[in-house]
Amino acid sequence: SAVISQKPSRDICQRGTSLTIQCQVDSQVTMMFWYRQQPGQSLTLIATANQGSEATYESGFVIDKFPISRPNLTFSTLTVSNMSPEDSSIYLCSVQHTLAGPYNEQFFGPGTRLTVL
Amino acid sequence: SQQGEEDPQALSIQEGENATMNCSYKTSINNLQWYRQNSGRGLVHLILIRSNEREKHSGRLRVTLDTSKKSSSLLITASRAADTASYFCASVPGGGNKLTFGTGTQLKVEL
């Protein structure tokens, strides 16, 4: 397993501003992911955070809006840029150990609840 | 959308009863996983079933998988109030490692 922390746990932001969310893992992991969960909805994958290279974004998500960094194997950040009320969501990071094979469970952080006014 | 569907959307039962949730997915998979989420917080992994498995047990949880129907079910036996949460299935396609989540089932277990 893995212990994952996210900062901040919640925030209320003004429209047009940006927020950077941090994800810290207690061990080195191969794969890190960022998800969005809109109110009352399921989770949607935003991107895969790649260590030392640009993130891989899913359809409908772009780097200018959601820049991601992953400087090492235990840390990643997601920035929500130029926010609008539609960005109000829970943002979750997850990790996956792939040394035992790529098809295993992901472990999720506690999430960051973002409200944009 | 490639998102899977779950039914029911919401389920309310009495403590001690069994709860069954169903999940359908759209593409061929390597495995399917079930997660629990309490009150909009982080997800907790419950169980993983591989495409060559038909049934799996873990404590009070029983998961079945029917790849011909692209469906799975999660059974929670002898439910407890602490089982109140949202439950999501997530499929992993063959050759990939990305999770595609279902729409979720909100379970409420009443005393």
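Residues numbered from 1 in each chain as written. Chains lettered and ligands numbered in written order. Predicted model: local features only at pLDDT ≥ 70, side-chain atom pairs only at ≥ 80, totals over all residues. Heavy atoms only, no water.

### A closer look at the sheet that holds strand S8 (residues 71-76) of chain B
Residue and element names in this part refer to chain B. Taken in spatial order, the five strands of this open sheet run S1-S3-S8-S7-S6, and their pairing is antiparallel. Only two strands of the sheet have a single neighbouring strand rather than two, namely strand S1 (5-7) and strand S6 (55-58). Averaged over all pairs of adjacent strands, the angle between strand axes in this sheet comes to 15°, irrespective of strand direction. Pairing of strand S7 (residues 61-66) with S8, which is carried by six bridges, proceeds in the antiparallel orientation. Each bridged residue has a counterpart across the sheet, and for Leu 61 the counterpart in S8 is Ile 76. (Pairing = 2+ DSSP bridges. Helix = DSSP H or I, 4+ residues; strand = E, 2+ residues; numbered from the N terminus. Axes fitted to C-alpha atoms, helices over the stretch in contact; angles between N-to-C directions.)

### Looking at the sheet that holds strand S1 (residues 4-7) of chain A
Residues and elements named next belong to chain A. Judged by pairing direction, the sheet is antiparallel, and its four strands sit side by side in the order S1-S3-S8-S7 without closing on themselves. Where the open sheet ends on each side, the last strands, each with one partner, are S1 and strand S7 (68-72). Taking each pair of neighbouring strands and ignoring which way they run, the sheet shows an average axis angle of 15°.

### Re the interface of chain B and chain A
Contacts between chain B and chain A engage 25 residues on the former and 21 residues on the latter. The tally of links from chain B across to chain A stands at one salt bridge. Among the ionic pairs, Glu58(A) bridges to Lys98(B), the shortest N-O distance being 2.8 Å. The tally of links from chain B across to chain A stands at five residue pairs in polar contact (both at pLDDT 80 or more). At the level of secondary structure, the elements contributing two or more residues to the side of chain B that touches chain A comprise strand S4 (29-37), strand S5 (43-50) and strand S9 (85-93) of chain B. (Contact = heavy atoms within 4.5 Å. Salt bridge = Lys/Arg side-chain N within 4 Å of Asp/Glu carboxyl O. Polar contact = N/O pair within 3.5 Å; in protein donor to acceptor, adjacent residues only side chain to side chain.)

### Description of the side chain of Arg36(A)
All names here are of chain A. Within the secondary structure, Arg 36 sits in strand S4 (residues 31-37). This buried residue, Arg 36, is left without a salt bridge; Asp 87 holds the nearest opposite charge, at 4.6 Å. With residues near it in sequence (within four places) discarded, Arg 36 still touches Ser 42, Leu 43, Thr 44, Ile 46, Phe 61, Phe 66, Ser 89, Ile 90 and Tyr 91. (Buried < 20%, exposed > 50% of the residue type's maximum accessible area, 1.4 Å probe, protein only. Lys, Arg positive; Asp, Glu negative; His and termini not counted.)

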